[in-house]
Amino acid sequence: MARDSQAALVALNRFGFGARGGASGDLINAASDPRGFVKAELSRPNGVLLEAPGLQSTPQLGQAVFAYQDQVKQAREAAAKAGAPTEAPADQKPGLRRNLSLNAVATEIAGQMAEAKPADNKPADNMAKPGAMQPNAATPPVVKPAPQPLNVIQKTFRAEALARLQRATLIECGFTERLVVFWSNHFCISASKGELARIWAGAFEREAIRPNVLGRFADMLKSVEQHPAMLFFLDNQQSLGPDSRAGQNRKRGLNENLAREIMELHTLGVGGGYTQQDVTSLARIITGWTFAGRQGQLGVPGSFVFNTNAHQPGPQMLLGKTYEPTGLAQGEAALADIARHPSTANFIASKFVRHFVADDPPPALVARLRDVFIKTDGDLKAMSTALVDSDDAWKAPLTKMRSPYDFVVASGRLLARVPEDPGAYLNNLNLLGQPLWSPAGPNGFADTSATWAAPEGIKLRLDIAAQMGARLGNNIDPIDLLEFAAADAASIETRRTIERAESRQQALALLLMSPEMQRR
């Protein structure tokens, strides 16, 4: 069978995280049967699950947070007069570049290389400061405060991040991991919401997203909306039926956050045929969906529970259908119907194609995936297979900009560097504006090129590429890496620009900034 390097590049970049360096042979394997290479991961559903030593369940993590918070409270009470230092956020320098032309940025990268090297001479800026020390004066040693040990929340977040990054780096194509990233962003929470959200972020993905990536959409929807992380993120534990026992006692009512985002962001989409009254009805239906607190009065602390005392009694009308007062089952029935709604099929298909193929999704491809979604009762494996089988998904040019997460993972894969510590990755994601599991709102991170191709974003990517080049360039041949990444699918411009680089360090940075590494 003839090998197709261009189709292999599409297979690896559009559907995966790019080729791995070293002896992986990813591009050669993909070139022999591009579609089969991508779909091979779909036949291994257990391969989507993520288990690693030390990763705990949501209830276990919830109890760990409650215990940690109790310890902090006791320590503060014991030292009430002691102040706690605060950390200021790191400054970020915005850039001014807009395009990805390699020739245009080559000279700038050369300058970045010089900046990335350690200075040989001591800075002389103290000469311009009043009261600066004279050369022969004794300089008192600067005592740096000892780094504070990580608390259980920080340790857990980093362990979850490392497990995810290692999986993305080691997996052959990465299609299933890309599916995890897509659905995790679609049903996003934000670790910045609070300590529970931060410690639960990875567990939420492992427990609610991964088991359902190749399953049914209705099952994923139920798992997501009943997960304590989502309930905490969108404040449903605060929502009380106005006529419920708890609502009457506490003089508090509905919180519509979760209901609104279920309809607007998770299923039907804006213009999907629902009204504000439907949002209110769904909010009433899912009152009582909460998680057990630290006292464990309703169940195991940190676990999902249905609190009958907080549930709005009586039947509810939603999208023209009456749901009888059956407690927890009332809400589950409503979610099952919303998952099968035609607007949900269209919204999911459009968003799916936008993520993988083009910012302006081809209507014919959207219609095909929508029909598959409807005919298979929301079978996500069938929809993913239909995407890969579609000629439109392979013919569209590789013009979408890789997100920061895709970029840092693709770079690590090509450099054959399996992360042993997530720190550098997390720092780069923060710098590039896509902090892991921490979008600014419930709509997740944007999925269009315009967001990630902004001038300041390109400048920051350039900084990171230059740092990688300065650190690793001496031991790597960028020409060899280009063969791993694209082989003869690489453009003439990319090949010539890398060959003409002033150094290996600069060549590596140029490779990481090339369209073959930045576009998918």
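Residues numbered from 1 in each chain as written. Predicted model: local features only at pLDDT ≥ 70, side-chain atom pairs only at ≥ 80, totals over all residues. Heavy atoms only, no water.

## Looking at the overall build of the protein
Which entries qualify depends on this criterion: Under the DSSP-based scheme used, a helix requires at least four consecutive residues in state H or I and a strand at least two consecutive residues in state E, with every element numbered from the N terminus. Three exposure classes are used, based on accessible area relative to the maximum for each residue type with a 1.4 Å probe and protein chains only: buried under 20%, partly exposed in between, and exposed over 50%.
The number of helices and strands found in the protein is 26 helices and four strands. Across the 520 residues of the protein, 52% fall into the buried class.

## Looking at the pattern of salt bridges
If the charged atoms of two oppositely charged side chains come close together, the side chains can form a pair. Applied cut-off: The term salt bridge refers to a pairing of a side-chain nitrogen on Lys or Arg with a carboxyl oxygen on Asp or Glu at a separation within 4 Å.
According to the stated counting rule, one finds 24 salt bridges in the structure shown. Across the pair Arg 210 and Glu 205 runs a salt bridge, and its minimum N-O distance is 3.8 Å. For the pair formed by Arg 210 and Glu 205, the shared burial category is buried. Residue Asp 447 is joined to Arg 520 by a salt bridge in which the shortest nitrogen-to-oxygen separation is 3.8 Å. Within this pair, whereas Asp 447 is found in the loop between α20 (423–432) and α21 (449–452), its partner Arg 520 is found in the segment after α26 (515–518), the two being separated by 73 residues in sequence. A residue is classified by how much of its surface remains accessible, and Asp 447, at 22% relative accessible area, is partly exposed. Here the residues in one salt-bridge network are Arg 164, Arg 167, Glu 177, Glu 205 and Arg 210, joined through shared partners.

## Concerning the nonpolar core
What counts, and what does not: Side-chain atoms within 4.5 Å are what join buried Ala, Val, Leu, Ile, Met, Phe, Trp, Tyr and Cys residues into a set we call a nonpolar core. The criterion used for residue contact is that any of the two residues' heavy atoms lie within 4.5 Å.
Counting 136 residues, the largest nonpolar core has Phe 15, Trp 183 and Phe 187 as the members making the most contacts within it. Residues within four places of Phe 187 in sequence aside, it is in contact with Phe 204, Ile 209, Phe 217, Met 220, Leu 221, Val 224, Glu 225, Met 230 and His 266.

## Focus on unusual backbone geometry
Positive phi is not limited to glycine here, since Asp 235 has a value of about 65°. Relative to the elements of secondary structure, Asp 235 occurs in the loop between α10 (228–233) and α11 (245–250). Residue Trp 437 is not a glycine yet carries a positive backbone phi of 55°. Inspection of the secondary structure puts Trp 437 in the loop between α20 and α21. Owing to a relative accessible area of 9%, Trp 437 belongs among the buried residues under this scheme.

## A few points about the side chain of Ser 438
We count it as follows: Contacts described as polar in this section are N or O atom pairs within 3.5 Å, which, within protein, must combine one atom able to donate a hydrogen with one able to accept it, while residues neighboring in sequence count only if both atoms come from side chains.
Note that Ser 438 resides in the loop between α20 and α21. For Ser 438, a relative accessible area of 15% corresponds to the buried category. At 3.0 Å, the side chain of Ser 438 forms a polar contact with the backbone oxygen of Leu 436.

## Structural notes on the side chain of Glu 261
Selection criterion: Working convention for charge: Lys and Arg count positive, Asp and Glu count negative, and His plus the chain ends are omitted.
Relative to the helices and strands, Glu 261 is located in helix α12 (residues 257–266). Arg 260 provides the closest opposite charge to the buried, salt-bridge-free Glu 261, at an N-O distance of 5.4 Å.

## So, the packing of helix α15 (residues 342–356) against helix α17 (residues 380–389)
The relative placement of two packed helices comes down to the angle between their axes together with the axis-to-axis distance. Stated precisely, the cut-off is as follows: For every element, the axis is a line fit to its C-alpha atoms; helices are fit only across the contacting stretch, and the angle between N-to-C directions ranges from 0 to 180 degrees. Between 65 and 115 degrees an angle is taken as roughly perpendicular, under 35 as roughly parallel, over 145 as roughly antiparallel, and anywhere else as oblique. For any pair of crossing helices, the crossing counts as left-handed if the nearer helix is rotated counterclockwise from the farther one by less than a right angle, and right-handed if it is rotated clockwise.
Packing of α15 against α17 leaves a shortest axis separation of 12 Å and a crossing angle of 45°. Judged by the angle between their axes, α15 and α17 are oblique. The handedness of the crossing between α15 and α17 comes out as right-handed. Two secondary-structure elements touch here, α15 through Ile 348, Phe 352 and Phe 356 and α17 through Met 383, Ser 384 and Leu 387.

## What to know about helix α9 (residues 217–225)
Just so we agree on the cut-off: Each direction from the helix axis to a C-beta atom contributes to the arc, which is the arc of those directions.
Buried within α9 are the following residues: Phe 217, Ala 218, Met 220, Leu 221, Val 224 and Glu 225. Taken around the axis of α9, the buried residues stretch over an arc of 160°, which confines them to a single face.

## Some words on the packing of aromatic side chains
We count it as follows: Two aromatic rings, drawn from Phe, Tyr or Trp (for Trp, its six-membered ring), form a pair once their centres lie within 6.5 Å of each other, and the interplanar angle then sorts them: stacked below 30 degrees, edge-to-face above 60, tilted otherwise.
As enumerated under the stated definition, the model contains 18 aromatic pairs in all. Look at Phe 175 and Phe 356: their rings are 5.7 Å apart centre to centre, the planes differ by 75°, and that puts the pair in the edge-to-face class. With a gap of 181 residues between them, Phe 175 in helix α7 (residues 175–186) and Phe 356 in helix α15 connect regions that are remote in the sequence. Judged by its relative accessible area of 0%, Phe 175 is buried.

## A look at helix α22 (residues 455–472)
Selection criterion: One fewer than the residue count of a helix, multiplied by 1.5 Å, yields its expected span.
Counted at 1.5 Å a residue, the expected span for α22 with its 18 residues is 26 Å, and the 26 Å between its end C-alpha atoms agrees. Counting buried residues along α22, 14 of its 18 residues qualify, which places the element largely inside the surrounding structure.

## Some details on the environment of Ala 310
By the element assignment, Ala 310 lies in the loop between β2 (304–306) and β3 (316–318). A sequence separation of 69 residues divides Ala 310 from Gly 241, and the C-alpha atoms of the two residues are 5.7 Å apart. Setting aside residues no more than four positions away along its own chain, Ala 310 makes contact with Ser 239, Leu 240, Gly 241, Ser 244, Ala 246, Thr 287 and Gly 288.

## Description of the packing of helix α8 (residues 195–209) against α9
Defined as follows: Under the grouping applied here, Gly and all other residues not named as nonpolar or charged are polar, the nonpolar ones being Ala, Val, Leu, Ile, Met, Phe, Trp, Tyr, Cys and Pro and the charged ones Asp, Glu, Lys and Arg.
Put simply, α8 and α9 touch, their axes get as near as 9 Å, and they point 145° apart. Considering how the two elements wind past one another, α8 and α9 form a crossing that is right-handed. Within the contact between the two elements, α8 uses Phe 204, Ala 208 and Ile 209 and α9 uses Met 220, Ser 223 and Val 224. Taken together, the residues of the contact of α8 with α9 sort by class into five nonpolar, one polar and no charged.

## A closer look at the environment of Gln 166
By the secondary structure assignment, Gln 166 is in helix α6 (residues 152–170). Residue classification places Gln 166 among the partly exposed positions, given a relative accessible area of 27%. For the pair Gln 166 and Glu 420, spaced 254 residues apart in sequence, the C-alpha separation works out to 8.1 Å. Excluding its chain neighbours within four sequence positions, the residues that come into contact with Gln 166 are Val 418, Pro 419 and Glu 420.

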